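Here are the chains, one letter per residue:
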Amino acid sequence: SRAKVFMLAKSPIFARSGDGFTQQDLEAGRLRYRLHRKAYSHVRERLTSTVGAQDCDTRVGHVSLLHVPSATNRTRCAATLDALQVAEGGRQAVLRSHLHLETAGITELVYNVTHGPHHGRLDVMDVGLVTVLRRATTYFSSRELLTERVFYVHDDSETRRDAFHFVALSSEEEDFQYVGVFHVDVLLKNDNTPVRAVFHIVSGGEKLLTGRDLRYSDADIDTQPSDIVYTRRGIPNGGIYKASDPTVPLFEFSQDDLDHNRVLFRHEGEEYGKVGLWITDGQFYANGILEVKASPPFVQVANNTGLVVQHGGAAMLTIANLSADTNLNIWDDKLVYEVLEGPHYGHLQLEHEPEALRQFTQLDLENALLTYHHEGGAFYNDEFHFRVGASDTTADGKFGIRVFPSSYWEPLIVATNRTLHVEESTSVAVTAASLKVMHPQIPATDITYIITEPPVFGYLEIEPVGDIHSDQTDTDDSRPNIVNVFEQALLNEGRLYYIQSTANKTHDQFVVDVTNGISWLRNLIVRFIIVPEWMYISNGELQVIEGGTITLPANLLPVLTEYYRGRVTEFRVLKLPKSGVLQLSREPGQQLQKFTTTQLKSGLLQYQHDGSETLEDQFVVIGLAGEKKSAPATVKIIVSPVNDEPPYIMNNTGMRMWEGALKIITNLHLAAVDKDTPPENLTFAVASVRSGYLATVSKPSISIQKFTQEQIDRKLIAFVHKGGKGAGFNITVSDGEKTTSPLPFMVTACKVSLQMVSSSLLHVFPLRRQYLSNTQILYRASDYNLPTARSVTYTVTSPPALGRLWLESSPPGNPQEAVNFTQRDVNNSLVYYEHTHPFFGLSTNDSLVFDVRADFAEPLLDQSMIIDISIVSGGLDQFLVMTPLEVDEGGIIKIYLNTTRVLEFLETQADVESPSLLMVLTSPLQHGELHVGDNNITSFTQAQMDAGEVEYHHDHSDTLQDDLQLSLLLEPGDIMLCNASLPIYITPINDQPFRLVTQAPHISVVQGQTKPITKSDLLTEDPDTQPEEITYFVITGPSQGRLTYRNSSTNESIMIVKFTQADINAGNVVYEHSGRLQPTTFYFRVWDGHFNPEYTVFNIHVLPVMLNVTAGAPIKLQQGSSVAVITQEHLISVTNVPIEEVHYNVSYLPRHGSIYVNNAAATEFTQVDLDNRRVIYMQTDMTTASDTFEVSAWVPGGGIPVMGIEVNVSVEPFMKIGNFSPIAGTKTRITLDVLDATPLAKLTNSNPNYQVLRRPRHGKIKKIIRSTGEKRTVRERDVIHFSHEEIKSGVIYYVVRRLPDQETDGADDSFPFLLAASIFQPALGELKFRVRPEHANDISPIPTVSAAHPPRNAGPRSPEGHEGGLTVASPNMSNDYVMIVSMVLGVVILAILVIVVVKCRSVHMGREETRTCKSDLSGMPPVPLPRPPDDLQATSPHPKRFAPPNTSPTPGTTPTPTAMLQCKVIPLEPVESVASSEPDLNSRYPYGVPDEPTEDWSSYDTSELAYPPRTTNPMLRRNQYWV
């Protein structure tokens, strides 16, 4: 028999793929089935194979495999497979509680999804659960499952269950495999609300109401037609009955009843009516209306789409092509179509009927029994006329048939679909050369492209027919027309453009479906590669050991801009490293200025550190892709220090200190340095310490042996001297690697001495105590001015004899006799002397003897302090009794001092017999005199006072007190005893009449308001009467209002008829007005209680309420916010009443928002609410940029309200508006420095759009876009709509007209705009600027360079000054300057012209001469830039006008003197640099040519010298200059 060969047609899902095998392999047992890993679950597998033998047909066979693991393996794996519950259309995380496999020794598993879910998908989120990491993933890990990042997302279909199959695999070392199915239970939601249809009937007739007339559908799978129940709510023009029994009315029926013709409608009454219906599916309810339209019988063609048929073929007609409708109660087979004429090139035929027919029914169409057969021929259109009838009613129609060749059913051919290169912010034409779908027999006009996915970073635009200059103006709407459909013919004409409008993008695409009306080509992708304007290179970082060398890795400078990846061929070093050399490995030590990508990738570049003690270095490079330069990139070099420098001691001055003291060692005394070791790592070791020890300042009693330089710098180390000479220590310093040799640190100890600073008498009153202070005793040591000054101690060797010396305890209250005390005790007033010995006489002396000691100082022995005990030492005044005196104003009183105890003390304690005292005035009396008899005295004796001769005479002044200042002297000898002060109180006497100061008292008060009466309004004065005693009595009160007393503490008011001047002074007397607008008075009297009262009238002028409220600044809402506070800045009130009494009513509510007060909607508020910022405006309609509302203001109690105050609300754009300064007669780009909506774009993640609400007066806003490629055109048009990305791309310009001659200083201009973005409401903004005149000496400000907008190095640039005759903003020179330059330039050109002409004629003649002259200057035709650069600008804002081409001179003639000389500019640099052997950078974009192509002037014929018309300006080579 023939050999049988088994070939695997389908690889096993869980097993590895195998090769082909034969029947012999099977019989020999060489074919085995092997799993990936050891299985811990059942594995079911189905293999599909094809079996073939020579000369035999192949057969397909199936082999089912079942692997059953051992019981041990099954028990070793704990599997959790619980169904996940998710709501219909919802999203739910797959948790460990749903899916988890656990067995010993398994660390991580990867779940491979072998059969994904049918009604949803699996998504894996990132760690933050914000973005989708893998959408519709086919695998996930156990770690992702553990962190709850795996989600099942349902597709919102009406399914109850879903599942996915998986195989869980471990690593090969752990050898684990588990196959399972994870189930998902979907919780259905009845979320599809029903939708209805309509009904027609013959007037007065009846008709079955069927599902075609009334159908409410429900997409929920559980809803059956019988579940949708209708309940009628009223029928104005008929009734609904049971079809089987028309006499039984129906009030409720189901959709199933309608579908099975069980409902009958009978018309009665009006022709038109609406039947109210209540429809429910058991869960949702809806109100429905059945429109009933009664009319005479009719038949009408409801659908007539025509038919498409293949040439010579056949096609069926169905109700999708042709149908009719009628209001008659007839069935579909009663609707009969009669063919009146045609078809002419084919025939109609019913199924199973071979003959052509002339009649068919609606039922035939419903059952798809009717067919049109085309009979061939050269005609491609056919038709037939028909008449459809029902009973006696008919309607005529014509049915069109389009016949296409069979080629229209053949698939379309994608002839060309090239990826197009487009430069950023330019346009590119999509032509047949880049996109062409065709068929040999189908015209281009019949091939239609339908865009299913538009471009993301640009848009498509169709150039109008006849637009040869690409200069469009759209005054109505400048937004790009959305292109949804175009034809191949449009591409063939080159009129479809792709406009790139988003910056910093590298790719874009759009997806189309292509059709000829019959065949379809789906999902054709047209791709664009966007050539970015900027090229970015990532910063790099290197780590090198100090003094070492490192090879630059190949990935050190990756290109971030995707387009230029692989195109960068060279790097140039802008900033060299400071602490090393960038070198080639084969040329060490030679600093590189540039290097190639090949050298970098080959590992030939090195950085060599110079060994200096620097921790960082860097160099800056730019990358070159052809002529394109990148933004600078910085390579940071981190240097790992090497400890190769030894430490050395820089300062070792030693120090001087007081013997026995502590002194801090500073870095002026001792300092070590190490270039590569920080101070904290420089350690000092101490040895051979003499006469002291080292310690930290915080712990001076603990010696240390080591410390660091950092501790010295922070002044934390001190030397403590212990006495003796020759103090010091030996020191070494180490950085951990190297240690210095020992060095001595010398300490010079100075001798300490004690000195007396002050010593004076201690004055003590007899039998009293007195504290010692540093004015009586002060000794100090030599180091007294140091923070660590030593203590000075006093030792009493001979105590006082007449008293005792005490030392106060701490806490006070338990003093001890002072035998030893310190100077600090004295300074703190803790030592006092107490006199205790009986005292006789006026004074006596005491003393004490003490020794003064301090550490390491020579003591001062037998020091003494004298204590003066005397009655004049103060304290005698305690025995003096001072009784204050009282005297009437102007009266006389005897002076008496009780000196009894003083005299007794002098007799008993001082041993003075019959002491006599003399009292002397120490300061004169202020309001009186002392008299003895008629004599004015300044002193008096005890005897005069005892005799009552000493008197005080008051001077009648209106005063209340005087003071008698006395000194008590002992006679004889005038011994000072003490000072005393005797107060004298004067009782006033009302002896002067009061005076009403206010001659015509009056106030002005606003109607309905209150006004306090102050002392400026009403004042009565009396020198000898207090304001509390000056009383006002109201005799006749005011006719309007009342007088009240207002309690300032409680703010309560009571009506009064009596008040005092003190009440007026305190502001407690208030007049409250009420009543009409007319003046009033009150009559009063004032009295001081002694003299005659005075009567007068108090006039009150009543002023009308004045209220003026104006709308201030508009209420500003920040774009993105819906709330703004309304303050007094928005409603400015001026009134003569208290401002807090102003009230507001909202008379016209805002259209797009609401007013809230204290978080509640309100229509009224007060000025207090405004002042306290409690009134807010909340925008509710987020589609508008402004709003307005009206308020009225009023004051309670009077005045005319202010009506119609209009308050405006505007939304402020969330953007930055900068300075803009265009020049007249130029085109000035509007950049992000002028209008920057970047904050809004970032916040909304969208591209904000601008709409110009009013055009500027002196110019136009235009969008200027250049096309990409060699044949460039400028697309320029007025715009009122543009986007943030278009501003960012630099295609929006303000084109300024020339200013009138009289506006020499420029002119102001502006345009308001509306800024809109997704999510947020639109906002109103305005750009205000000043147009500078053409003769301005400066140019437009250059936009500020920021991180988002790097310097413009090369590449695509602005259109100014290049093609299309654009005039740019350029420096303007004065007319005189231009004239001088022109004259000089003319002379130079004329001289050069003469030399060149003479030279040419001397060599050749005629045409030969011209050719020879031109041959030196000839070159390749210029290759234009993708976009012209900004810096090629004309020196004059006026564009040049060229002569027509027919003015060129004939060959062989000499050019006219007015012709412009052609010159070739020689580079200024050496020839060697021009012809250097640099590698050829051939990766120029986009098609292998430089982005700044050279243009040789010699390529222009001499005929151009008469200014012929040109399409391009001459371009300069590199290193060429204009002359």
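Residues numbered from 1 in each chain as written. Predicted model: local features only at pLDDT ≥ 70, side-chain atom pairs only at ≥ 80, totals over all residues. Heavy atoms only, no water.

1. Here's the deal with the overall build of the chain
A count of helical and extended segments in the chain gives 18 helices and 115 strands. In the chain, which comprises 1523 residues, the proportion classed as buried is 44%. By sequence separation, contacts in the chain at least 24 residues apart represent 69% of the contacts at least 6 residues apart. Carbon and sulfur atoms make up 52% of the accessible area of the chain, which totals about 78100 Å². (Helix = DSSP H or I, 4+ residues; strand = E, 2+ residues; numbered from the N terminus. Buried < 20%, exposed > 50% of the residue type's maximum accessible area, 1.4 Å probe, protein only. Contact = heavy atoms within 4.5 Å. Areas by Shrake-Rupley, 256 points an atom, 1.4 Å probe, with all protein chains shown as cover.)

2. As for the side chain of Asp 825
Among the structural elements, Asp 825 can be located in helix α9 (residues 823-827). The side chain of Asp 825 sits in the buried core without any salt bridge; Arg 824 is the nearest counter-charge, 7.0 Å away. Those residues in contact with Asp 825, other than ones at most four positions away along the chain, are Leu 807, Leu 830 and Val 831. (Lys, Arg positive; Asp, Glu negative; His and termini not counted. Salt bridge = Lys/Arg side-chain N within 4 Å of Asp/Glu carboxyl O.)

3. Some details on the environment of Pro 454
Inspection of the secondary structure puts Pro 454 in the loop between β38 (448-453) and β39 (458-462). By relative accessible area, which is 53% here, Pro 454 ends up exposed. Setting aside residues no more than four positions away along its own chain, Pro 454 makes contact with Gln 509 and Phe 510.

4. Some remarks on the sheet that holds strand β63 (residues 743-750)
Within the open sheet, the five strands sit side by side as β55-β63-β62-β58-β60. Their pairing is mixed. Two strands bound the open sheet, and with one partner strand each, they are β55 (655-658) and β60 (706-708). For this sheet the average axis-to-axis angle between neighbouring strands, irrespective of direction, equals 30°. Taken together, the four bridges between β55 and β63 define a ladder with parallel strand orientation. Among the inter-strand pairings, Met 657 is bridged to a residue of β63, identified as Ala 749. (Pairing = 2+ DSSP bridges. Axes fitted to C-alpha atoms, helices over the stretch in contact; angles between N-to-C directions.)

5. Concerning the side chain of Thr 1060
Checked against the element boundaries, Thr 1060 lands in strand β91 (residues 1058-1060). A relative accessible area of 15% places Thr 1060 in the buried class. What Thr 1060 contacts, discounting residues up to four positions off in sequence, is Pro 1027, Glu 1028, Ile 1030, Thr 1031 and Tyr 1032.

6. Considering the pattern of salt bridges
In this structure the tally under the stated criterion is 32 salt bridges. One salt bridge in this structure joins Arg 262 and Asp 256, with 3.2 Å as the shortest N-O distance. Judged by relative accessible area, Asp 256 falls into the partly exposed class, the value being 23%. Of the charged contacts in the structure, one is a salt bridge between Asp 396 and Arg 387, with a shortest N-O distance of 2.8 Å. Residue classification places Arg 387 among the partly exposed residues on the basis of a relative accessible area of 32%. Each of Lys 1260, Lys 1262, Glu 1276 and Asp 1278 takes part in one network of salt bridges that share partners.

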